[in-house]
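Structural overview
Below, each chain spelled out in residue letters.
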Amino acid sequence: MKIPYKFKKIFPNLLTGFRLIVAPIIIILGLMGKVNIVLILTIVACLTDLFDGFFARKWSVSSQFGAKLDAISDKVFAASLMISLTGKIKTLWILIILEITIALINLYFYYKINKSETLMIGKIKTTSLFICIVISFLYLYFHKFYFLLRGFIYMTINLQVLSGISYIINFIKKVQASKENTLENVIAHKQIMNEKEDA
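Let us look at the structure shown here. (Residues numbered from 1 in each chain as written. Predicted model: local features only at pLDDT ≥ 70, side-chain atom pairs only at ≥ 80, totals over all residues. Heavy atoms only, no water.)

Moving on, we get to the overall build of the chain. Check the secondary structure of the chain and you find six helices and zero strands. Ordered by position from N to C terminus, the α and β elements of the chain give α-α-α-α-α-α. In the chain, which comprises 199 residues, the share counted as buried stands at 34%. Looking at the chain alone, contacts between residues at least 24 apart form 79% of all its contacts between residues at least 6 apart. Just so you have it, the chain exposes about 13,200 Å², and 68% of that area is on carbon and sulfur atoms. (Helix = DSSP H or I, 4+ residues; strand = E, 2+ residues; numbered from the N terminus. Buried < 20%, exposed > 50% of the residue type's maximum accessible area, 1.4 Å probe, protein only. Contact = heavy atoms within 4.5 Å. Areas by Shrake-Rupley, 256 points an atom, 1.4 Å probe, with all protein chains shown as cover.)

And the structure:
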């Protein structure tokens, strides 16, 4: 049976959108202490994160909209997981506040230079953040993970601070480079005009 192209185009985005839909449900259930249900929803959501990209590549229906939706869904989903766990692990609020701060910095820079860029330190930070979430779940079932969780929380906080500083420095460099290019273009234009006048 041949799968319709319209379905192929929509299905990966539906999988991605599932993480947005389930995010508020995870927050509510987590704050209510329904950890087991949150864990099940988290596993299902992680599977959608795995398969949305797989089907998009397999069916050659990758799009800029899908990529942006995927990035937004991942951030919202991660935030919802952390918020859902704050009832048991208060320190996660620090990670949430720092993550929101980094998101606002990136949003401001995108508005200013109309360009978004992911730095390596940002990728490392995100990886550490997700590991921190996984260990948080393990800690709820096995308290012997406390010291490991504490270590990863402190490490993630440091990575978030470094990430924020790195994005600010990168933005300043981009702005300076843009100004230098503009100045060079103006000088080159004046030289061309002067040459035409001399001719």
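Let us look at empty space enclosed by the protein. Using the criterion set out here, one finds two cavities of 30 Å³ or more in the structure. Within this model, the largest cavity holds a volume of roughly 120 Å³. For the largest cavity, the lining is made up of eleven residues, of which Phe-109, Ile-113, Lys-115, Glu-117 and Asn-170 are closest to its centre. Elements with a minimum of two residues in the lining of the largest cavity: helix H4 (92-113) and helix H6 (146-198). Residues belonging to the lining of the largest cavity are distributed by class as follows: five nonpolar, three polar and three charged. Here the second largest cavity defines a volume of roughly 30 Å³. As for the second largest cavity, its lining consists of Gly-30, Val-35, Val-38, Ser-84, Leu-85, Phe-137 and Leu-140. Elements supplying a minimum of two residues to the lining of the second largest cavity: helix H2 (35-58), helix H3 (64-85) and helix H5 (120-141). (1 Å grid on protein atoms, 1.4 Å probe; cavity = no way out; pocket = protein on both sides within 12 Å on 5 of 7 lines; lining within 4 Å. Points joined across faces, edges and corners; volume = space filled by probe spheres on them. Nonpolar A, V, L, I, M, F, W, Y, C, P; charged D, E, K, R; others polar.)

Next up on the list: the environment of Leu-41. Counting through the fold element by element, Leu-41 comes out in helix H2. In this structure Leu-41 touches Val-22, Ile-25, Ile-26 and Leu-29, once residues within four positions along its chain are discounted.

Volume-wise, the largest pocket comes out at about 1,100 Å³. Lining the largest pocket are 33 residues, and of these Ala-71, Ile-72, Lys-75, Ala-103 and Asn-106 sit closest to its centre. Only H3, H4, H5 and H6 provide two or more residues apiece to the lining of the largest pocket. Among the elements that take part in the lining of the largest pocket, H3 stands out by supplying 13 residues, more than any other. Along the lines of polarity and charge, the residues of the lining of the largest pocket split into 17 nonpolar, seven polar and nine charged.

Within this structure, the stated rule accounts for five salt bridges. The partner of Arg-19 in a salt bridge is Asp-52, and the shortest N-O contact between them spans 3.3 Å. Highlighted residues: Arg-19 in helix H1 (residues 5-31) and Asp-52 in helix H2, separated in sequence by 33 residues. Its relative accessible area of 0% is what places Arg-19 among the buried residues. Asp-52 gets classed as buried once you look at its relative accessible area, which sits at 6%. Between Asp-70 and Arg-19 there is a salt bridge, with the nearest N and O atoms lying 2.7 Å from each other. Linking Asp-70 in helix H3 with Arg-19 in helix H1, this pair joins segments that are 51 residues apart in sequence. When salt bridges with common partners are traced through the structure, they connect Arg-19, Asp-49, Asp-52, Asp-70 and Asp-74 into a single cluster. (Salt bridge = Lys/Arg side-chain N within 4 Å of Asp/Glu carboxyl O.)

What is shown is where atoms sit, not what they do.
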